[in-house]
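Overview (structure and organization)
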Amino acid sequence: MLNSFAKAGLAALIALGGFSATASTASAGGPEIRFGIYNGGGHGGGHGWQRERDRRRDNCSPWFAEEKASRMGLRRARVVDVSPRRVVVAGFDRHGRDRVVFANQRGCPVIRR
């Protein structure tokens with residue numbers, strides 16, 4: 001009988017020790033610890049912000065178009081026009097003013113240089 005109590009106490013001590021070690025690293029953002037069970041959120045699966053993020057991922061975002069134009073050699077790149085079909089980025093290259101037109105699709109494919 002005493003042996004089973006000792007084993008249960010040792011198991012509880014190990015579990016609490018492991019819990020305190022993981023809780024200190026998991027609570028790096030703040031002192032509170034939150035537990036919960038989350039499901040898909042109903043209405044089409046996923047939360048509203050997840051559906052919005054997936055919808056935005058299908059388009060060419062302006063900041064990504066600027067970064068891509070900068071990597072293509074366009075200095076001081078800035079977005080000058082956004083339409084449902086294209087994103088236009090203007091800037092300067094070695095020869096002067098230039099612009100790059102991207103399709104408003106995922107990955108920002110180049111339409112015109």
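Residues numbered from 1 in each chain as written. Predicted model: local features only at pLDDT ≥ 70, side-chain atom pairs only at ≥ 80, totals over all residues. Heavy atoms only, no water.

Moving on, we come to the state of the cysteines. Should the sulfur atoms of two cysteines be covalently bonded, the bond is a disulfide. For the structure shown, the criterion picks out one disulfide. Note that C60 is cross-linked by a disulfide to C108, the S-S spacing being 1.8 Å. Because the torsion about its S-S bond is 105°, the bridge between C60 and C108 counts as right-handed. Pair noted here: C60 is in the loop between helix 2 (48-57) and helix 3 (62-71) and C108 is in the loop between strand 3 (96-103) and strand 4 (110-112), with a separation of 48 residues, a long-range link. Among the residues examined, C108 registers a relative accessible area of 1% and is labelled buried. (Disulfide = S-S within 2.5 Å. Helix = DSSP H or I, 4+ residues; strand = E, 2+ residues; numbered from the N terminus. Buried < 20%, exposed > 50% of the residue type's maximum accessible area, 1.4 Å probe, protein only.)

Moving on to the environment of R75. Secondary-structure assignment places R75 in strand 1 (residues 75-82). For the pair formed by R75 and D93, sequence separation is 18 residues and the distance between their alpha carbons is 6.1 Å. Once residues lying within four places of it in the same chain are set aside, the contact partners of R75 are G91, F92, D93 and R94. (Contact = heavy atoms within 4.5 Å.)

As paired elements, strand 1 and strand 2 (residues 86-93) share five bridges and run antiparallel to each other. The residue of strand 2 that forms the bridge with V79 is V89. Taking the residues between adjacent antiparallel strands as the criterion, strand 1 and strand 2 are bridged by three residues. (Pairing = 2+ DSSP bridges.)

This paragraph deals with the pairing of strand 3. Taken together, the eight bridges between strand 2 and strand 3 define a ladder with antiparallel strand orientation. Bridged to V87 within strand 3 is F102. Taking the residues that link successive antiparallel strands as the turn, the strand 2-strand 3 hairpin has two residues. Sheet topology note: the strand 3/strand 4 ladder contains two bridges and is antiparallel. Of the residues in strand 4, the one forming a bridge with F102 is V110. Counted along the chain from strand 3 to the antiparallel partner strand 4, the turn is six residues long, and its residue G107 has a positive phi close to 90°.

That's the geometry; what it means functionally is another story.
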